[in-house]
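# Tertiary structure, described
The lines below spell out each chain.
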Amino acid sequence: MIKKINHIGIAVNSIEDAVKLYTDVLGLEVKGIEIIAEQKAKTAIIAVGETKIELIESTDPEGAIARHIERRGEGLHHLALEVSDIQSALETLKEKGILLVDEEPRTGVENSKIAFLHPKGTKALIEIVEPRE
Ligand code: ZN
């Protein structure tokens, strides 16, 4: 069901500062910067070989990312696992008793379909993602 780690999400106060670090210091490349209105977030996708780092800045002080940073500071936010069929993955996980944050997929970065699993069941916040072809 799961194909690979699609990306690792990192919550940051400033995309601009974080992008400088990942490009100038670490020598990585930005694939794109995008506002995801539904998630009240601005993201920068950094390519790292076969996978990606997703830097996430909140666009709303009440948004989930802003609340996360308030409680835990900047840093690791979620792990995104890639599947080929998110609808069937969600059904399978639900059948197996995994607590879901999103019962239905929503739109993520690069027009992908995403859904979050509840960290209570998975020990860490996990996003499953079906990339757009
Ligand atoms: Zn993500």
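Now for a quick tour of the structure. (Residues numbered from 1 in each chain as written. Predicted model: local features only at pLDDT ≥ 70, side-chain atom pairs only at ≥ 80, totals over all residues. Heavy atoms only, no water.)

### A word on the overall build of the chain
To keep it simple, the criterion reads: Helix and strand assignments come from DSSP, with helices taken as H or I runs of at least 4 residues and strands as E runs of at least 2, each series counted from the N terminus. C-alpha atoms define the radius of gyration, and 2.2 Å times the number of residues to the power 0.38 defines the globule rule. Burial classes: relative accessible area under 20% of the type maximum marks a residue as buried, over 50% as exposed, and values in between as partly exposed (1.4 Å probe, protein chains only). The contact criterion used throughout is that any non-hydrogen atoms of two residues lie within 4.5 Å. For every accessible area listed, the method is Shrake-Rupley and the probe measures 1.4 Å; residues are considered covered only by the protein chains on display. Within this scheme the basic residues Lys and Arg register as positive and the acidic residues Asp and Glu register as negative, but His and the chain ends are omitted. A charge is said to be at NZ when it belongs to Lys, at CZ for Arg, at CG for Asp and at CD for Glu.
Looking only at helices and strands, the chain features 4 helices and 8 strands. For the chain, the α and β elements follow one another from N to C terminus as β-α-β-β-β-α-β-α-β-β-α-β. In terms of overall size, the chain behaves like a compact globule, its C-alpha atoms giving a radius of gyration of 14 Å where 133 residues would be expected to give roughly 14 Å. When the backbone C-alpha atoms are referred to their principal axes, the chain occupies close to 45 × 30 × 25 Å. A total of 133 residues make up the chain; the buried ones form 42% of that total. Look at the contacts in the chain between residues 6 or more apart in sequence, and 54% of them connect residues 24 or more apart. Split by element, the accessible area of the chain, about 7,800 Å² in all, is 50% carbon and sulfur. Side chains of the chain give 17 positive and 24 negative charges; the mean places of these two sets differ by 4 Å.

### Quick word on the nonpolar core
Inclusion rule: The term nonpolar core refers to a set of buried residues drawn from Ala, Val, Leu, Ile, Met, Phe, Trp, Tyr and Cys, joined through side-chain atoms within 4.5 Å.
Leu81, Val83, Ile86, Ala89, Leu90, Leu93, Leu100, Ala115, Leu117, Ile126 and Ile128 together form the largest nonpolar core, which totals 11 residues. Among the secondary structure elements, those contributing two or more residues to this core are β5 (75–83), α3 (86–95), β7 (113–117) and β8 (126–130). Look past the residues within four positions of Leu117 in its chain and what remains in contact with it is Leu90, Leu93, Ile98, Leu99, Leu100, Val101, Thr122, Leu125, Ile126 and Ile128. In this structure, Ile15, Val19, Ala44 and Ile46 belong to the second largest nonpolar core, which totals 10 residues.

### Notes on the layout of surface pockets
Gaps between atoms show up when a probe of the same size as a water molecule is rolled over them. Operational definition: Residues are called lining when one of their atoms sits within 4 Å of a cavity or pocket point, these points coming from a 1 Å grid over the protein atoms alone, where a cavity is a set in which a 1.4 Å probe fits but cannot get out and a pocket is an open set with protein on both sides within 12 Å along at least five of seven lines. Grid points are joined across faces, edges and corners, and a volume is the space filled by probe spheres set on the points. As a working rule, the residues Ala, Val, Leu, Ile, Met, Phe, Trp, Tyr, Cys and Pro are called nonpolar, Asp, Glu, Lys and Arg charged, and the rest polar, with Gly in that last group.
Taken as a whole, the largest pocket holds about 690 Å³ of empty space. For the largest pocket, the lining is made up of 31 residues, of which Ala64, Ile65, His77, Phe116 and Leu125 are closest to its centre. Those elements that provide at least two residues to the lining of the largest pocket are β3 (41–48), β4 (51–58), α2 (64–72), β5 and β7. The dominant element in the lining of the largest pocket, judged by the number of residues it contributes, is α2, at 6 residues. Looking at the lining of the largest pocket residue by residue, the classes come out as 15 nonpolar, 7 polar and 9 charged.

### Examining a positive patch on the surface
Spelled out, the test is: Patches here are clusters of residues that have more than 30% relative accessible area and form no salt bridge, with a 9 Å joining cutoff for like charges and a 5 Å cutoff for nonpolar side chains (Val, Leu, Ile, Met, Phe, Trp, Tyr). Throughout this description, the term salt bridge denotes a Lys or Arg side-chain nitrogen within 4 Å of a carboxyl oxygen of Asp or Glu.
On the surface, Lys40, Arg67, Arg71 and Arg72 cluster together to form a positively charged patch. By the element assignment, Arg71 lies in helix α2. Since its relative accessible area comes to 60%, Arg71 is described here as exposed.

### With respect to the coordination of the zinc ion
Counted only if it meets this: Metal donors: N, O and S atoms at distances within 2.8 Å, or within 3.2 Å for Na, K and Ca, with water omitted from the atom set so that some sites may seem incomplete. Think of it this way: with four donors and all angles in the 85 to 135 degree range, the site is tetrahedral; with four or six donors, opposite ones beyond 155 degrees and the rest between 65 and 115, it is square planar or octahedral; otherwise it is irregular.
Looking at the metal site, the zinc ion is ligated by His7 (NE2), Glu54 (OE), His78 (NE2) and Glu127 (OE), spaced 2.0 to 2.4 Å from it. What the 4 donor atoms of the zinc ion show is an angle range of 82 to 148 degrees at the metal, which sorts the shape as irregular. In the primary structure, the donors to the zinc ion are separated according to the pattern H-x46-E-x23-H-x48-E. Here the residue His78 occupies a position in strand β5, and Glu127 occupies one in strand β8, the gap between them amounting to 49 residues. Judged by relative accessible area, which is 3%, Glu127 ranks as buried.

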